[in-house]
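The residues making up each chain are set out below.
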Protein chains: 2
Amino acid sequence: MRTLDLIQRKRDGEELSAEEISFLVEGYTQDSIPDYQMASFLMAVYFAGMTDREVSTLTDIMIASGQRVDLSDLPGIKVDKHSTGGVGDKTSLVAAPIAASAGVTIPMISGRGLGHTGGTLDKLEAIPGFRTNLTIEEFKAQVAKLGLAFIGQTPEIAPADGKLYALRDATATVESIPLIASSIMSKKVAVGLDALVLDVKVGSGAFMKRQVDARRLAQMMVGIGRRLDKRVTALITDMSQPLGYAVGNALEVMEVSQTLQNAGPTDLTRLSLELAARMIFLAKVSKTIEEARELAQKQLLNGGGYHKFKQVIQAQGGNPQVLDRFELLPNATGVREISSPRGGYVSAIDAQYIGGACTLIGAGRDTKEAGIDPAVGVILEVKVGQKVESGGVLCRIYHTREDHLDEAAEMIEDAFRISANAPEERDIILEVVG
Amino acid sequence: MRTLDLIQRKRDGEELSAEEISFLVEGYTQDSIPDYQMASFLMAVYFAGMTDREVSTLTDIMIASGQRVDLSDLPGIKVDKHSTGGVGDKTSLVAAPIAASAGVTIPMISGRGLGHTGGTLDKLEAIPGFRTNLTIEEFKAQVAKLGLAFIGQTPEIAPADGKLYALRDATATVESIPLIASSIMSKKVAVGLDALVLDVKVGSGAFMKRQVDARRLAQMMVGIGRRLDKRVTALITDMSQPLGYAVGNALEVMEVSQTLQNAGPTDLTRLSLELAARMIFLAKVSKTIEEARELAQKQLLNGGGYHKFKQVIQAQGGNPQVLDRFELLPNATGVREISSPRGGYVSAIDAQYIGGACTLIGAGRDTKEAGIDPAVGVILEVKVGQKVESGGVLCRIYHTREDHLDEAAEMIEDAFRISANAPEERDIILEVVG
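Residues numbered from 1 in each chain as written. Chains lettered and ligands numbered in written order. Predicted model: local features only at pLDDT ≥ 70, side-chain atom pairs only at ≥ 80, totals over all residues. Heavy atoms only, no water.

Quick notes on the pairing of strand β1 (residues 79-83) of chain B
Residues and elements named next belong to chain B.
In step 1: Most of β1 sits out of view: five of its five residues are buried.
In step 2: Covered by surrounding structure in β1 are V79, K81 and S83 together with D80 and H82, the residues of both alternating faces.
In step 3: One ladder, built from five bridges, connects β1 with strand β4 (residues 195-202); its direction is parallel. Residue pairing in the sheet places H82 in a bridge with L198 of β4. (Buried < 20%, exposed > 50% of the residue type's maximum accessible area, 1.4 Å probe, protein only. Helix = DSSP H or I, 4+ residues; strand = E, 2+ residues; numbered from the N terminus. Pairing = 2+ DSSP bridges.)

Here you go:
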């Protein structure tokens, strides 16, 4: 078998066998296939795609490349929730506590933000003392006790994916649907989950800009799950404007607290409840999705989710009081208002621009090694569809340093579109797959 | 400027500016851009293509990456001929001597064979003593004296192309039309040519399998030439069966000798004469292409080309007597006949299979470092359209070793298609571009 022939056959649109995909991925992981051949193979995959069979094989190989976490001694059906990444997306911190408080077992493996998108680990670490680097034993013990624990990806899980992802990141091949699908699913299956709720984002702030691509990605992941006997449901949700009002790590924790007390933004509450309901349903805590929705709603209203999140913060070394006393969280030192140049309706708030501006002032990272400033970010004062006066406040930038602030402010101004007519309303949940 | 952004923009079908292409190619040549990023860029170019403007820029940058050969002190219009590569393609050794004997100045830069295709340098080096590694001074002196000299590509000419080609060869990106066009044209223009006749092969034995691709390549190269004020004409010619009867280095030199004495195969003679006529016409030795054809024909019939080739062999250290006494050339030690399994018409002789079989027995090289055996090869006894009896000889394999011989014989058997009906006749010259 020659690497060159396999690249060429993929380039020419042929399906590779399981043996051939193994040869490539194992060869690359073991350094017998050089970076440059894998890079051209990945770009060929970007253009020529992969069949469902190829994607399943690739997922299996990446799982087999590392350790599997054995969660079988934990009781019940283990469910996780994964988002493909967005701006202001703090649904994990709302939905997981609600579902856990309803009796779902959630061993949650989360990621960090990159580029304009945020990451759950970064948000949690905005809480002083919060530890995301639990050992597997600590992690399992906490899941057994509280039904929920948060941990980061470990290098022992699907290392082939880690190596491939680093190469994709440097070669403009991140945005390949089969490569995204196999990357997500390999990490999730390797940790021994039984079920998974996926939130596939679509819109300017997401990897997938078009709904047809988001649908294809969702279908591919649901298909991989089915072939591995996992229950998987994917929601396709709107990421054309930021989710909720807050973007930035500590600011988002504050918004999570408000939302868990039923005082959060409508879009964030709606999506978090639906994600929690899907987790409850896949975990077979309820018989129907309608029952699951009622249960999620109940756990929001009775403070069950709020209480659960406090327990988790406490268990992972943080101070649960931050949810009530926001001054205990890192706070910015300066605020700048962005106001509307004219009156009208907010017809768009480009999530990519808002996320990019937040990264510029330190809320996110451009490279994997960069540090972040948990205090800074943006709080929107309006959402798409709202009416504004000329000079009315569109949002506030919370910052700790002046550098890049003007540039960020300009990006944020560019993100808003103000029109004479009200835009059509649309639901945040666009489709359900699986 | 970030490499990643440029890869992504090319991937997304955007046109890159001259500055951006410079950044990439110069960065790669100077090792500031890693192999794996260039590999993914090349695969993106394979799929997304390049505009004429991008291809011209790329050509300019590759020329500027190395030394230019100054031929301006040589008198007259300097013309070269280049083939995109085929099986049994020895036209350079026929057309160039004929055109030189008619008064054309031909500083010919030739290549070596790779894979199933042969190379002019390898054929010349089958002549004992023939030196292709002339210094630039020796090369120019011989062109001034005889009107024709053969030399190999030197590492000083377009080194960026050399480095890129090696990477393309390992990443399945050789077959990209804009990359082929800029590679050929940069090397030709860097040596100070005024005019160029291109022989773009199409068919199973060529890089281009489809005429539409061959046409696009021809148009692209003619366009690059025009923007650089060079006169360029491209012939698109058939490479579905080997050219002439002989495939293999010494065997092809024998066929060249016969052809220069007007006793060669019809297809080889016809194409060589047309290529010679195009060189004569571009060099302005004749006023019209018709006159040029008459002159080429005359130089064939009066032995002018034959005599010129002998002078060139002598000048470059070879024994010109090899053209009359074939026993002075390397000769194979064994012969195996391949016979027809049934009677009928030869409807196809797959050139790629014949070339591949010759490479297997040592006539060509699979990797750039491999040595070759000048004595071995195949001589066809029939060409497409001819009638054969059952058991009649289709071709003979000339070999020096037994290893791979059975495998090669099987490939050769597979190359022949024998049908009940005579195939449609078609001219070897399919189109003229420019």
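Structure shown, so let's carry the discussion forward.
Side note on the relation of the copies chain B and chain A
In step 1: Under the fitted operation, chain B is carried onto chain A by 0.0 Å of movement along the axis and a turn of 180°, and the coordinates agree to an RMSD of 0.1 Å. Interpreted geometrically, this transformation is the action of a two-fold axis. Scanning chain B for the C-alpha nearest the rotation axis identifies Y36(B), at a separation of 1.8 Å.
In step 2: Comparing interface residues between copies, 100% of those in chain B also lie at the interface in chain A; the contact surface is shared. (Least-squares fit on C-alpha atoms with pLDDT ≥ 70 in both. Contact = heavy atoms within 4.5 Å.)

A look at the interface of chain B and chain A
In step 1: Counting residues at the interface gives 20 residues for chain B and 21 residues for chain A.
In step 2: Taken as a group, R11(B), Y36(B) and F47(B) account for 36% of the area that chain B buries against chain A, more than any other trio of residues on that side.
In step 3: Applying the counting rule to chain B against chain A returns two salt bridges.
In step 4: R11(A) is the partner of E175(B) in a salt bridge, and the nearest nitrogen-oxygen pair spans 2.9 Å. (Buried area = accessible area lost by both parts, 1.4 Å probe. Salt bridge = Lys/Arg side-chain N within 4 Å of Asp/Glu carboxyl O.)

Re the environment of Y28(B)
Residue and element names in this part refer to chain B.
In step 1: Mapped onto the fold, Y28 is located in helix α2 (residues 18-29).
In step 2: Along the chain, Y28 and K163 lie 135 residues apart, while their C-alpha atoms are 8.6 Å from each other.
In step 3: What Y28 contacts, discounting residues up to four positions off in sequence, is I33, P34, D35, M38, K163, L164 and L167.

A look at the pattern of salt bridges
Oppositely charged side chains can pair when the atoms bearing their charge come close.
Residue and element names in this part refer to chain A.
In step 1: Taken as a whole and assessed by the stated rule, the structure comprises 66 salt bridges over all chains.
In step 2: For K10, the salt bridge goes to E54, with nearest N and O atoms at 3.0 Å. Pair noted here: K10 is in helix α1 (residues 3-11) and E54 is in helix α4 (residues 52-64), with a separation of 44 residues, a long-range link.
In step 3: Overall, K10 belongs to the buried group, its relative accessible area being 1%.

Here's the deal with the sheet that holds β4(B)
Residue and element names in this part refer to chain B.
In step 1: In space, the four strands of this open sheet follow the order β1-β4-β5-β13, with mixed pairing throughout. Bordering the open sheet on either side are β1 and β13 (429-433), each of which pairs with just one other strand. With direction set aside, neighbouring strand axes in the sheet form an average angle of 15°.
In step 2: Pairing geometry for β4 and strand β5 (residues 231-238), over eight bridges, is parallel. For L198, the partnering residue across the bridge sits in β5 and is A234. (Axes fitted to C-alpha atoms, helices over the stretch in contact; angles between N-to-C directions.)

Things to note about the nonpolar core
In step 1: Counting residues in each nonpolar core, the largest one holds 126 residues, and the members touching the most others are L198(A), V200(A), L198(B) and V200(B).
In step 2: Once residues lying within four places of it in the same chain are set aside, the contact partners of L198(B) are H82(B), I184(B), M185(B), M221(B), V232(B), T233(B), A234(B) and L235(B). (Core = buried A, V, L, I, M, F, W, Y, C linked by side-chain atoms within 4.5 Å.)

Some remarks on the environment of G392(B)
Residue and element names in this part refer to chain B.
In step 1: Here G392 is to be found in the loop between β10 (387-388) and β11 (393-399).
In step 2: Residues G392 and I338, 54 residues apart in the sequence, show an inter-C-alpha distance of 8.5 Å.
In step 3: Once residues lying within four places of it in the same chain are set aside, the contact partners of G392 are I338, S339 and S340.

A closer look at the side chain of K123(B)
In step 1: As for its position among the elements, K123(B) is in helix α6 (residues 120-124).
In step 2: Not counting residues up to four positions away in its chain, the partners in contact with K123(B) are G88(B), D89(B), K90(B), L93(B), G118(B), N249(B), E252(B) and V253(B).

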